Amino acid sequence: MDKKIKTVGLFGKYQDQTVAEHILRLEEFLLGRKLKILFDQATAEHIAGAKSPARPRDAIGGEIELAVVVGGDGTLLNVARDLARYRVPIIGVNLGRLGFLADIQAEHMTMEIGKILDGDFQTESRLLLHAEIMRKGRIVHTAIAFNDVIVSKGELARMIEFETYLDGEFVHSIRGDGIIVASPTGSTAYALSAGGPILHPALEAIAVVPICPHTLSNRPIVFSSDSIVEILVARITEQHAHATFDGQSTFTLEDNDRVYVRRSEIEVELLHPSGRSHFEVMRIKLHWSRKI
């Protein structure tokens, strides 16, 4: 974080009334530090008593030097994708259990954010995924994903068929429920539940994880993040298939659509309290044992 912080954007969990108390307390704290505050408009609509103005999501990124997201990892994923092109660093405040990304607990947020504003923090960059869907030689949809891009079957309990390629080279064909292309951040999300590997967030890598493959030898594969993963969806005329991005947006696929996933040119900068340990977070979230 190189910029001097003058304006802070506040973002809350969508349509969640429980964030109001915490965000208003945070606003008061930041105003006390002589900072300008801008609310995300969708957040402000559900908060009474705010003193600061609001801006639409597509405008606020160009006016702030820091974003504070109050909610959880899902809220942070949503905000991070929208702000990525502005390269605004993000602090995550978690209202529930400790999050993988939103790792400041609400009861400690003013103390921890105060330390960060005073220069006592850790910073890390997380890669994003860029997805394109090609249909009959034309790009029909593009999206950014923080966690993962997923190609999966629709409502029917039938498997779908697809082929995977890496930088244009055929890798394998799979019949199953789908396939996950995950960033290191997303390796601890759906990909982990599907039996994928845990990637350290500093790795420049992408994991490709089949979902319930018919052939059990179809195992997760880890590629360089410089690679382009291509998924050709085949023979789905009697079955629906979808491409899903971070589990928060979706696009309906047709037979012979091609889904291309590569590393995005932009990254997300996260700010954490000093002394944060990635493996401590893992131990808490995944209930790993501690030292004997």
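Residues numbered from 1 in each chain as written. Predicted model: local features only at pLDDT ≥ 70, side-chain atom pairs only at ≥ 80, totals over all residues. Heavy atoms only, no water.

**A short note on helix 1 (residues 20–32)**
(1) Moving on: Taking 1.5 Å as the rise per residue, helix 1 with 13 residues should run 18 Å; its terminal C-alpha atoms sit 18 Å apart, in good agreement.
(2) Moving on: When we look at burial in helix 1, the residues that qualify are A20, H22, I23, L26, E27 and L30. Taken down its axis, helix 1 places every buried residue within 160° of arc, on the same side. Exposed and oriented more than 90 degrees from the buried face of helix 1 are E21 and G32.
(3) Moving on: Backbone geometry just downstream of helix 1 places K34 in the positive-phi region, at approximately 65°. (Helix = DSSP H or I, 4+ residues; strand = E, 2+ residues; numbered from the N terminus. Expected span 1.5 Å × (residues − 1). Buried < 20%, exposed > 50% of the residue type's maximum accessible area, 1.4 Å probe, protein only. Arc of directions from axis to C-beta.)

**Brief notes about a nonpolar patch on the surface**
(1) Moving on: Among the surface-exposed residues, I198, F279 and W288 lie close enough to one another that they form a single nonpolar patch of about 290 Å² accessible area.
(2) Moving on: Along the chain, W288 falls in the segment after helix 7 (278–286).
(3) Moving on: On the accessibility criterion, W288 (38% relative accessible area) is partly exposed. (Patch = residues over 30% accessible without salt bridge, like charges linked within 9 Å, V, L, I, M, F, W, Y side chains within 5 Å. Areas by Shrake-Rupley, 256 points an atom, 1.4 Å probe, with all protein chains shown as cover. Salt bridge = Lys/Arg side-chain N within 4 Å of Asp/Glu carboxyl O.)

**Comments concerning the pattern of salt bridges**
(1) Moving on: Counted by the stated rule, this structure contains 16 salt bridges.
(2) Moving on: Between E254 and R135 there is a salt bridge, and its shortest N-O distance comes to 3.6 Å. Placement of E254 in the loop between strand 17 (249–253) and strand 18 (258–273) and of R135 in strand 7 (residues 121–135) is noted, with a sequence separation of 119 residues between them.
(3) Moving on: One salt bridge connects E280 with R283, and the closest N-O pair in it is separated by 2.5 Å.

**Considerations on the environment of F162**
(1) Moving on: Among the structural elements, F162 can be located in strand 10 (residues 160–166).
(2) Moving on: Separated by 96 residues in the primary sequence, F162 and R258 have C-alpha atoms spaced 9.5 Å apart.
(3) Moving on: What F162 contacts, discounting residues up to four positions off in sequence, is H172, S173, I174, G178, I179, I231, L232, V233 and A234. (Contact = heavy atoms within 4.5 Å.)

**A few points about the confidence of the model for the protein**
(1) Moving on: Residue-level pLDDT values for the protein average 92, and 97% of them are 70 or greater.
(2) Moving on: No element of the protein has a lower mean pLDDT than helix 7, at 89, and none a higher one than strand 8 (residues 138–145), at 98. (pLDDT = per-residue confidence, 0-100.)

**Remarks on the environment of R33**
(1) Moving on: Locating R33 in the fold gives a position in the loop between helix 1 and strand 2 (36–40).
(2) Moving on: The exposure class assigned to R33 is partly exposed, which follows from its relative accessible area of 32%.
(3) Moving on: With 203 residues separating them along the chain, R33 and I236 place their C-alpha atoms 57 Å apart.
(4) Moving on: When near neighbours in sequence (up to four residues on either side) are disregarded, R33 contacts G114, L117 and D118.

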